[in-house]
Amino acid sequence: MNLFRKKSIQSLIQEAGQKEVTLKKDLGAFDLSMLGIGAIIGTGIFVLTGVAAAEHAGPALILSFILSGLACVFAALCYAEFASTVPVSGSAYTYSYATFGELIAWILGWDLILEYGLASSAVASGWSGYFQGLLGGFGIHFPKALTSAYDPVNGTFIDVPAILIVLIITLLLTQGVKKSARFNTIMVIIKLAVVLLFIGVGVWYVKPSNWTPFMPFGFSGVTAGAATVFFAYIGFDAVSTAAEEVRNPQKNMPIGIIASLLVCTVLYIVVSAILTGIVPYQQLDVKNPVAFALNYIHQDWAAGFISLGAIVGITTVLLVMLYGQTRLFYALSRDGLLPKVFSKVDKKKQTPMVNSWITCLLVSIFAGLVPLGRLAELVNIGTLFAFMTVAVGILYLRKNKLAPKSGFRVPFVPYIPILAFLFCGYLALQLPAISWISFGVWLVIGLIVYFSYGHKHSTLNTSVEQMKKVS
């Protein structure tokens with residue numbers, strides 16, 4: 001059993017173009033940057049900032065965002081080189097197939113299913129809460145049984161708004177990648193305008209005295225805050241799943257990944273500084289800290305826009321996460337590790353139609369029925385694991401001289417990949433033990449799936465079997 005058989009970079013690229021019906025190359029650098037910003041700015045900036053400031057970092061939340069941002073910048077540079085070198089769907093899963101072999105690639109693919117699937121469910125639940133709050137302002141209310149995940153004690157059984165938004169976004173994704181990207185761009189522009197509105201209004205109400213003490217929980221609070229707000233950065237890696245649908249991926253993929261991350265990092269730092277400057281950090285333990293801050297300074301008109309911006313922001317995050325999940329399933333299926341139905345592409349729309357609706361069903365079940373609680377931490381640990389693997393992969397590429405001379409190349413190798421690995425590893429160690437245990441259980445389930453189905457049906461395995469028959 002050759003568990004570490006690899007696919008060369010050349011064969012991965014050739015296979016992507018050999019299918020009868022392929023994904024349509026319709027995206028440029030601007031589309032990718034908008035996809036990245038659409039994925040990143042959402043739950044993190046509108047929800048997690050308050051909790052991280054109140055419970056962990058205080059005004060030093062700025063440092064937490066810088067620490068998480070550095071980890072992501074180092075990882076993003078590694079992703080950018082891989083996306084330029086291997087412009088194929090599948091993100092870190094595909095990169096690992098070329099560097100570490102099939103078993104490690106499967107583990108990483110299974111890990112990314114957890115990241116995108118669980119993040120989609122969590123984001124859909126968050127969207128439901130904001131949407132119901134908006135409707136409540138007009139006196140419209142869903143029956144309580146239909147407002148949240150299964151919890152008979154509180155009288156809730158299913159989160160209908162969460163399921164509805166997943167259905168709507170899936171319908172959009174099946175219409176073609178260009179339409180989805182255009183919708184995302186419009187929503188991102190609205191979202192950025194709302195964030196800039198908060199900055200423009202809030203900056204005049206900052207009281208420097210609120211920044212004292214700056215680090216009330218010590219540096220350990222800053223690192224715990226960084227591990228918490230790391231969820232706010234998740235998404236730029238989903239851009240790399242679009243590789244097969246990009247015009248000139250060697251040039252445009254690195255621009256999209258790095259530009260989206262830099263824009264979001266700057267906005268996060270500015271917003272967290274203004275937020276903790278307006279409201280004493282002890283009072284920020286609320287679900288809508290940005291809107292709360294504007295209510296605090298009696299700018300209620302702007303707070304209403306912020307709530308609308310949060311709904312728009314969370315919608316784009318859900319769109320990109322669902323998109324990333326479908327393209328990951330597509331790549332795993334094309335390699336034979338999942339059933340072929342996941343890589344069947346509709347001839348007219350040039351999108352994986354059946355795959356999209358299966359993803360919709362799975363995400364809807366989790367979003368509608370399962371109380372997610374602390375599962376955001378599971379998303380974090382899955383993402384950090386992927387980032388660390390990609391960083392090691394760059395070291396492998398360079399050592400074995402597999403990377404082409406053209407396209408984007410990570411500067412200062414081996415220092416940048418090593419820093420990416422160390423920063424992400426450090427943040428992963430800040431997560432609670434239950435997250436590690438749950439992650440371990442998920443990986444064990446993945447290994448069972450691989451050895452019972454994937455290893456036998458792998459395209460590499462079937463090609464070996466065919467060669468044996470010929471010989």
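Refer to the preceding data block for the structure.
Analysis parameters
Residues numbered from 1 in each chain as written. Predicted model: local features only at pLDDT ≥ 70, side-chain atom pairs only at ≥ 80, totals over all residues. Heavy atoms only, no water. Helix = DSSP H or I, 4+ residues; strand = E, 2+ residues; numbered from the N terminus. Rg over C-alpha atoms; globule rule 2.2 N^0.38 Å. Contact = heavy atoms within 4.5 Å. Areas by Shrake-Rupley, 256 points an atom, 1.4 Å probe, with all protein chains shown as cover. Lys, Arg positive; Asp, Glu negative; His and termini not counted. Charge placed at Lys NZ, Arg CZ, Asp CG, Glu CD. Axes fitted to C-alpha atoms, helices over the stretch in contact; angles between N-to-C directions. Parallel < 35°, antiparallel > 145°, perpendicular 65-115°, else oblique. Left-handed = near helix turned anticlockwise from the far one by under 90°. Nonpolar A, V, L, I, M, F, W, Y, C, P; charged D, E, K, R; others polar. Buried < 20%, exposed > 50% of the residue type's maximum accessible area, 1.4 Å probe, protein only. Salt bridge = Lys/Arg side-chain N within 4 Å of Asp/Glu carboxyl O. Core = buried A, V, L, I, M, F, W, Y, C linked by side-chain atoms within 4.5 Å. Phe/Tyr/Trp six-rings, centres within 6.5 Å; stacked < 30°, edge-to-face > 60°. Lys NZ or Arg CZ within 6 Å of the ring centre and 35° of its normal. Patch = residues over 30% accessible without salt bridge, like charges linked within 9 Å, V, L, I, M, F, W, Y side chains within 5 Å.

Asks: Explanation requested: the overall build of the protein chain in the structure shown.
Replies: Looking only at helices and strands, the protein chain has 18 helices and zero strands in total. Whereas a compact globule of 471 residues would reach a radius of gyration of roughly 23 Å, the protein chain reaches 22 Å, a difference of no more than 12%. Put simply, 82% of the contacts in the protein chain that link residues at least 6 apart link residues at least 24 apart. Carbon and sulfur atoms form 70% of the exposed surface of the protein chain, whose accessible area is close to 18,500 Å². Charge centroids of the protein chain, computed over 31 positive and 20 negative side chains, lie 8 Å from each other.

Asks: Is there a simple way to think about the packing of helix α2 (residues 29-40) against helix α8 (residues 177-202) in this case?
Replies: Helix-helix packing is characterised by the crossing angle of the two axes and by the distance between the axes. Relative orientation of the contacting elements α2 and α8 amounts to 60 degrees, with a least axis distance of 9 Å. Taken together, the axes of α2 and α8 lie oblique to each other. Between α2 and α8 lies a crossing whose hand is left-handed. On the side of α2, the interface is formed by F30, D31, M34, L35, I37 and G38, while α8 contributes K178, A181, N184, T185, V188, K191 and L192. Considered class by class, the residues forming the contact of α2 with α8 number seven nonpolar, three polar and three charged.

Asks: What exactly am I supposed to notice about helix α5 (residues 92-99) here?
Replies: Every α-helical turn comprises 3.6 residues, leaving residues that sit three or four positions apart pointing alike. The buried count for α5 comes to eight of eight residues, which makes it a mostly enclosed element. If you check which residues of α5 are buried, you get A92, Y93, T94, Y95, S96, Y97, A98 and T99.

Asks: Explanation requested: the pattern of salt bridges in the structure shown.
Replies: Side chains carrying opposite charge are able to pair once their charged atoms draw close together. Following the criterion strictly, the structure yields five salt bridges and no others. For K178, the salt bridge identified is with D31, shortest N-O distance 3.1 Å. With K178 in helix α8 and D31 in helix α2, this pair connects stretches of sequence that are 147 residues apart. A relative accessible area of 25% places K178 in the partly exposed class. Where R327 meets E245, a salt bridge forms, and the shortest distance between an N and an O atom there is 3.0 Å. On the criterion of sequence distance, the pair formed by R327 in helix α13 (residues 300-334) and E245 in the loop between α10 (236-239) and α11 (249-278) is long-range, its members being 82 residues apart. The pair formed by R327 and E245 is uniform in burial state, with each residue classed as buried.

Asks: Mind showing me how you'd approach the packing of helix α4 (residues 61-85) against α11 here?
Replies: The geometry of α4 relative to α11 is characterised by a closest axis approach of 9 Å and an angle of 175 degrees between their N-to-C directions. In terms of orientation, α4 and α11 fall into the roughly antiparallel class. Broken down by class, the residue content of the contact of α4 with α11 amounts to 21 nonpolar, five polar and no charged.

Asks: I tried to follow the environment of A227 on my own but got confused; where do I start?
Replies: Structurally, A227 is set in helix α9 (residues 218-229). When its relative accessible area of 5% is taken as the criterion, A227 is described as buried. A C-alpha to C-alpha distance of 33 Å links A227 and W301, two positions 74 residues apart in sequence.

Asks: What am I meant to see in the side chain of Q325 here?
Replies: Position of Q325 among the secondary structure elements: in helix α13. The contact partners of Q325, leaving out residues within four places of it in the chain, are L112, I113, Y116, G117 and T359.

Asks: Would you take a moment to explain the nonpolar core for this structure?
Replies: Burial of nonpolar side chains together is a common tendency in soluble globular proteins. Within the largest apolar cluster, 145 residues are counted, with the highest numbers of intra-cluster contacts made by L27, I41, F46, Y79, Y93, F198 and F236. Element by element, the count of residues in this core is highest for α13, at 17 residues. Dropping the residues within four chain positions of it, L27 is found in contact with L32, L35, V177, A181, A242, E245, V246, R247 and Y323.

Asks: What's the story with the packing of aromatic side chains in this structure? I'm lost.
Replies: When we look at a pair of aromatic rings, we describe it by the centre distance and by the angle of the planes. Under the counting rule described, the total for this entry stands at 20 aromatic pairs. Both rings, one in F82 and one in Y95, keep their centres 4.7 Å apart while their planes meet at 5 degrees; by these two values the pair is stacked. Residue F82 is located in helix α4, and its partner Y95 is located in helix α5; the two are separated by 13 residues in the primary sequence. Both residues of the pair, F82 and Y95, belong to the buried class. Each ring, one from F385 and one from F439, has its centre 5.5 Å from the other, and the planes form 65 degrees; the classification is edge-to-face. You can see F385 sitting in helix α15 (residues 376-399) and its partner F439 sitting in helix α17 (residues 433-457), a full 54 residues away along the chain. Look at F439 and you get buried, because its relative accessible area is 6%. An aromatic cluster of three or more residues is present, and its members are Y79, F82, Y95, F230 and F387. Over the aromatic face of Y97 sits the side chain of K7, whose NZ or CZ is 5.3 Å from the ring centroid.

Asks: Can you help me understand the side chain of E81 in this one?
Replies: Relative to the elements of secondary structure, E81 occurs in helix α4. Ignoring anything within four residues of it in the chain, the contact list for E81 reads I394, L397, R398, A403, F408, R409 and V410.

Asks: Would you take a moment to explain a nonpolar patch on the surface for this structure?
Replies: Together, L63, I66, L70, F214, M215, F219 and Y426 make up a nonpolar patch on the protein surface, roughly 570 Å² of accessible area in all. Sorting elements by how many residues they give to the nonpolar patch places α4 first, with three residues. On the secondary structure map, F214 appears in the loop between α8 and α9. Accessibility expressed as a relative area gives 33% for F214, which makes it partly exposed.

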